[in-house]
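Geometric and topological summary
So the chains spell out like this:
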Amino acid sequence: MKYVLAGASGFLGKALTRDLVAEGHQVVRLVRRTPSTPGEIRWDPASGDLDPSALGDPDVLVNLAGANIGRPWTPTYRLKIRESRVSTTATLAAAATQLDRRPVLITQSGIGGYGTDLGDRILTEDSELGDGFLAEVVRLWEGALEPARAAGSRVAALRTGVVLGRAAPAFQLLSLPFRLGLGGRLGSGTQYFPVVSLTDWTRAVRHVAETEAVRGPVNVALPTPATNTEFTEALATALHRPSAVPVPAPAMKLALGEFAWELLGSKRALPTRLQSTGFTFHHPTVATALSAALGG
């Protein structure tokens, strides 16, 4: 299959490119600079500039672009978070409507769309989106797919938890205190903390691309949800470090601002749509997902 990737230079984009090429697929990367190697096409999502004829006849368009949410959300940066996701998705959707053969269109999305703190409530793809800044971003982000869907493309939005991979920025941030012997649960530790291994994330993308029955929102998280305490204890065990220094919620809020709620809030998300269409996880538990992350 021919895949066109936006955000191919990021951690997930590089991993997906490696996986797709290894499986024999063709990958074309969208870049904002002048293309320097074969397999690159220039675009400017801020102005909606992407020549559909340059894409050829792709089977799948994938949007992984988006500004990092793990930093303070100033008013200016909120705009960047939103626009970096909505404009890229909208530009790809517009291009999809102009192709002779409608491609599958997949965008990364976020578990944060369900809201900030949902306690023990089970979240499936049929659960309503919640309130808050990221929930509103997800509404707009996934809403930008609509022109492509209306034109006949199959569209999907991957509502992904924290992806566990050795080089993943989020995983490096989470594991650093443990490597220093200063790790522990975040806040109360009772909050459900959705994660997924990098291997299963890349496999999920291919499953969505190749499975006609999969469309709409798709939760990409462990089928056995774990609390933050369970996650941090498993991480400490995997690293052979203690887990005895909890991080108080007030300290996290002071250091991270509103983003702290993404780590302190509870989201018990289940990958119902993946599993109901035949997807099986190679790493279905926190322990196996962490082992895969640290091993690779």
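Anyway, here's the lowdown on the structure attached to this text. (Residues numbered from 1 in each chain as written. Predicted model: local features only at pLDDT ≥ 70, side-chain atom pairs only at ≥ 80, totals over all residues. Heavy atoms only, no water.)

Examining the overall build of the chain
The test is simple: Labels follow the DSSP assignment, with helices taken as runs of H or I lasting at least four residues and strands as runs of E lasting at least two, numbered in each case from the N terminus. C-alpha atoms define the radius of gyration in this analysis, and the globule rule sets the expected value at 2.2 Å times the number of residues to the power 0.38. Residue exposure (1.4 Å probe, protein chains only): buried if accessible area is under 20% of the type maximum, exposed if over 50%, otherwise partly exposed. A contact between two residues is defined here by any heavy atoms of the two lying within 4.5 Å. Accessible areas in this description were obtained via Shrake-Rupley with a 1.4 Å probe; residue shielding takes into account the shown protein chains only. Neither His nor the chain ends is counted toward charge; the positive residues are Lys and Arg and the negative residues Asp and Glu. Positions of charges follow a simple convention, taking NZ of Lys, CZ of Arg, CG of Asp or CD of Glu.
For the chain, the count of helices and strands is 11 helices and 11 strands. Here the chain has a C-alpha radius of gyration of 19 Å; the compact-globule value for 296 residues is 19 Å, and the two agree. Projected onto its principal axes, the C-alpha coordinates of the chain cover approximately 60 × 40 × 40 Å. Looking at the chain residue by residue over its 296 residues, the buried ones come to 52%. Once local pairs closer than 6 in sequence are excluded, the contacts in the chain between residues at least 24 apart make up 77%. Surface accessibility of the chain: about 12,800 Å² in total, with carbon and sulfur atoms responsible for 55%. Taking the 30 positively charged and 26 negatively charged side chains of the chain as two groups, their mean positions are separated by 5 Å.

Re the sheet that holds strand β10 (residues 216-220)
Here is the rule: Whether two strands pair depends on DSSP finding at least two bridges between them. Throughout, an axis means a line fitted to C-alpha atoms (over the contacting stretch in the case of helices), and angles, computed between N-to-C directions, take values from 0 to 180 degrees.
As summarised here, the arrangement of the 7 strands in space is β3-β2-β1-β4-β5-β7-β10, forming an open sheet in which the pairing is parallel. The sheet is open, and its two edges are formed by β3 (40-42) and β10, each paired on a single side. Strand-to-strand twist of the sheet, defined as the mean angle between neighbouring strand axes without regard to direction, takes the value 25 degrees. Summarising the sheet, strand β4 (residues 60-63) and strand β5 (residues 104-110) pair through 4 bridges and their orientation is parallel. By the bridge assignment for β5, V62 is matched with I106. Contacting β1 (2-6), β2 (26-31), β4 and β5, helix α1 (residues 11-22) runs over the sheet at an angle of about 170 degrees to β1.

Re the packing of helix α2 (residues 75-97) against helix α3 (residues 133-143)
Applicable threshold: Here the angle decides the label: under 35 degrees means roughly parallel, over 145 means roughly antiparallel, 65 to 115 means roughly perpendicular, and every other value means oblique. For any helix crossing, the convention is left-handed if the near helix is rotated counterclockwise from the far helix by under a right angle, and right-handed if that rotation is clockwise.
Between α2 and α3, the shortest axis-to-axis distance is 9 Å and the interhelical angle comes to 20 degrees. Relative to α3, the element α2 lies roughly parallel. Where α2 crosses over α3, the two elements pack in a sense that is right-handed. Between α2 and α3, the residues in contact are R78, I81, R82, R85, V86 and T89 and F133, V137, L140 and W141, respectively.

Notes on helix α7 (residues 228-239)
The test is simple: Given a helix with a known number of residues, its expected span is that number minus one, times 1.5 Å. As used here, the arc is the angular range of directions from the helix axis to the C-beta atoms.
The terminal C-alpha atoms of α7, which comprises 12 residues, lie 16 Å apart, in line with the 16 Å expected from a rise of 1.5 Å per residue. Taken together, the buried positions of α7 are occupied by N228, F231, T232, L235, A236 and L239. End-on view of α7: buried residues confined to an arc of 130 degrees, all on one side of the axis. Where α7 is buried, its residues meet β8 (162-164), α5 (169-179), β9 (195-197) and α11 (286-295).

A short note on the environment of P35
Topologically, P35 is positioned in the loop between β2 and β3. You can call P35 partly exposed: its relative accessible area is 33%. Put simply, P35 and L145 are 110 residues apart on the chain and 26 Å apart in space, counted from C-alpha to C-alpha. Those residues in contact with P35 that lie beyond four places of it in its chain are E40, I41 and R42.

Looking at unusual backbone geometry
For H240, which is not glycine, the phi torsion reads 55 degrees and is therefore positive. With respect to the secondary-structure elements, H240 resides in the loop between α7 and α8 (249-256).

Things to note about the pairing of β2
What counts here: By convention a crossover is right-handed if, when the strands point away from the viewer, the path from the first strand over the helix to the second runs clockwise.
Strand direction decides the pairing type here: β1 and β2, joined by 5 bridges, are parallel. Looking across to β2, one finds that Y3 is bridged to V27. What joins β1 to β2 is α1, and the crossover it makes is right-handed. Where β2 and β3 come together, 3 bridges link them in parallel fashion. When the bridges of β3 are listed, R29 appears paired with E40.

Comments concerning the pairing of β5
The side chains of a regular strand alternate, first on one face of the sheet and then on the other. Extensive coverage of β5 is indicated by the burial of 7 of its 7 residues. The two faces of β5 match: V104, I106, Q108 and G110 on one face and L105, T107 and S109 on the other face are all buried. One crossover worth recording links β4 to the parallel β5 by way of α2, and it is right-handed. Bridge count for β5 against strand β7 (residues 155-160) is 6 bridges, and the pairing is parallel. Within the sheet, the bridge partner assigned to I106 lies in β7 and is A156.

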